[in-house]
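Residue-level structural notes
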Amino acid sequence: MRASDIRELKIVIVDESPIRSLILEEGLREAGFTEVERIGEMHNLLKHIYAIDPDVILIDLENPSRDTLEQMFQVSRAVRRPIAMFVDQSDAASIQASVDAGVSAYIVDGLKKERIKSILDLCVSRFKAFSKLQDDLEQAKSDLEERKTIERAKGILMKAKKLSEEDAYKLMRGAAMRENKKIIEIARSVITAAEMFK
Amino acid sequence: MTGEAHVKIGFIPLVDAAALLIATHKGFAKAEGLDVELIREVSWANVRDKLAIGRFDAAHLLAPMAVASTLGLGHVRVPLIAPINLAMNGNAIAVSTALYAELAAEGEVAHPAQTARALAKLVARRRVEGRDPLTFGMTFPFSMHNYQLRFWMAEGGIDPDDDLRLIVLPPPYMVENLARGQLDGFCVGAPWSSVAVDAGIGVILHFGCEIFARAPEKVLALRESVADDDPSLVAALLRALHKGAAFVDDPKNLDEVSQILSRPEYVGVDAEIIRRVLTGHLRIKARDERADADYLIIGKDGAMRPDPRQAEWIYAQMLRWGQTRYSSEMADRAKGVLRPDLFDAAIDGAHSQREIGAFAGPSFDGRNYADYLASFAIGQRV
């Protein structure tokens, strides 16, 4: 593949998640695709796409506007007819991987198979990176929530039983070990009980 | 099928998935030895693709889409079969209050033939005045919504490909676009037209059943290979769906069914709206209601038994609107999508299907596509 082939390729990313589409755009640019545009606004979607006249359209599978794109196959007056990524089924694994990662591609007829594959593979890895990022963020959020709950339960015990912070924590940890539960569960019970005794 | 079979089924959150949702929720599938996992989807294209690559074992699908996939139209060819209908009808054509006022100024707006002629006059006038053509929304190129709109308009003398714009929009966006003035009307499944009426921005002009009396709307689709590999699984699934539909159709279950379907993991709209859809009792504009027992048909009068004539008729609509070319081989392939043989093997005593019927035009005969298509002034011929 010559470098000039890559540069000429125009790619549109249709995604309402600005962070994810940015991650994908960066990946494509790093891979040498310079003509990348992002559409995050779904109104007049087809009009925007026709104006850009892309070779490849990437869309996330959570996007209900995917059905709007399907209309492109019907419009006989369109200058160029895009085709679905499924048309060449010789690389079923790559197609399944992209559906599982949550992205779909529409490709203008005549594009070489290996180029499609490289774009799809890139999409898959970037979409996976994004969902890992999201999972990490969720995890961090719930870790923080748990720490706050444990702190609150500790405070309740310190006040009610006149304990030091360390002893309050030990008390909960001891209860957790005895009952074979997590310390967060004990902390939640302490808070519930304290609310009932109010 | 040995032991309990895990079956993944994709669906779009619509009231016409009722038989499937109730069959699963009420344990009819479990009783048949099926562990059904329902997966809610956001687009028809997703449903089709996940069915095609085997992520779904079966799916709630637009009947014309099952035919299109089998013929390889608009997409890669993936042969599907539909051994059961999930719904007949259920759509409505709604227009903006502004367009409704213009139509009403032309005269009576009760019958589709009257509204189609009135619409044609407005279309002609707009052209003379140099105004933008009207824009109507529908949900997919291979959908009953598309064919209902086109059939209706063409009866008034409108060529839907030249005289106005037809665009695909996800149903939740229809109402918003109508409010913004970017759409003048749409044809969509419940409850979206009711949402437009309740918001005071739209009027329901016609129920889908006023255009076609019994239009094949949704089917349960499977890959052809799945049906060949495991016929007992297909039979179990059909019995469960049939029981689900019977439960939905029993008037004494109306409240319970509406409540179940309203859950966020199923259709996710107000139970009262679902109740109205199921009983065919809709508000069509301010202080005006319309009732039609055929507004949405789930299982009554043997509606679930698929009839190959329905697939032929769908193929004829595709031909009329230039979505494909005629060949006797394609016609046979289309016909083979609907599988009454599988239905009959699983379910006893089903009635035969009545004609689809339309408010105008000839009755359809699958042995003669040419005469059927030639009888319309607008549309392609063979």
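Residues numbered from 1 in each chain as written. Chains lettered and ligands numbered in written order. Predicted model: local features only at pLDDT ≥ 70, side-chain atom pairs only at ≥ 80, totals over all residues.

Bringing the sheet that holds strand 1 (residues 5-11) of chain B into the picture now. All names here are of chain B. Spatially, six strands are ordered 2-1-3-10-4-13 in an open sheet, and the strand pairing comes out mixed. Of all the strands in the sheet, just strand 2 (34-40) and strand 13 (296-297) have a single pairing partner and so form its edges. Strand direction decides the pairing type here: strand 4 (residues 80-89) and strand 13, joined by two bridges, are antiparallel. Bridging from a neighbouring strand, N89 pairs with L296 of strand 13. Running at roughly 5 degrees to strand 4, helix 12 (residues 231-249) makes contact with strand 1, strand 2, strand 3 (58-62), strand 4 and strand 10 (216-223) of the sheet. (Pairing = 2+ DSSP bridges. Helix = DSSP H or I, 4+ residues; strand = E, 2+ residues; numbered from the N terminus. Contact = placed C-beta atoms within 7 Å. Axes fitted to C-alpha atoms, helices over the stretch in contact; angles between N-to-C directions.)

A few words on the environment of B:G74. Mapped onto the secondary structure, B:G74 falls in the loop between helix 4 (63-71) and strand 4. Residue B:G74 is classed as buried on the basis of its C-beta count, with 22 C-beta atoms lying within 10 Å. Those residues in contact with B:G74 that sit more than four places away from it in its chain are A:E70, A:F73, A:Q74, B:A68, B:P141 and B:F142. (Buried ≥ 20, exposed ≤ 12 C-beta atoms within 10 Å, placed from the backbone.)

This part covers the sheet that holds strand 9 (residues 202-207) of chain B. As a general point, the strands of a sheet are linked pairwise by backbone hydrogen bonds and lie either parallel or antiparallel. Residue and element names in this part refer to chain B. A sheet is described by the order of its strands in space; here five strands give the open sequence 7-6-8-5-9, paired in mixed fashion. Each end of this open sheet is capped by a strand with a single partner; those strands are strand 7 (165-168) and strand 9. Mean inter-strand twist for the sheet, computed between neighbouring axes without regard to direction, equals 25 degrees. Sheet analysis places strand 5 (residues 91-96) next to strand 8 (residues 185-189), joined by five bridges and oriented antiparallel. The residue of strand 8 that forms the bridge with N91 is G189. Packing of helix 5 (residues 97-105) onto the sheet brings it into contact with strand 5, strand 8 and strand 9, and relative to strand 5 it is tilted by some 90 degrees. In the packing of helix 7 (residues 144-155) onto the sheet, contacts are made with strand 5, strand 6 (135-138), strand 7 and strand 8, and the angle to strand 5 comes to roughly 60 degrees.

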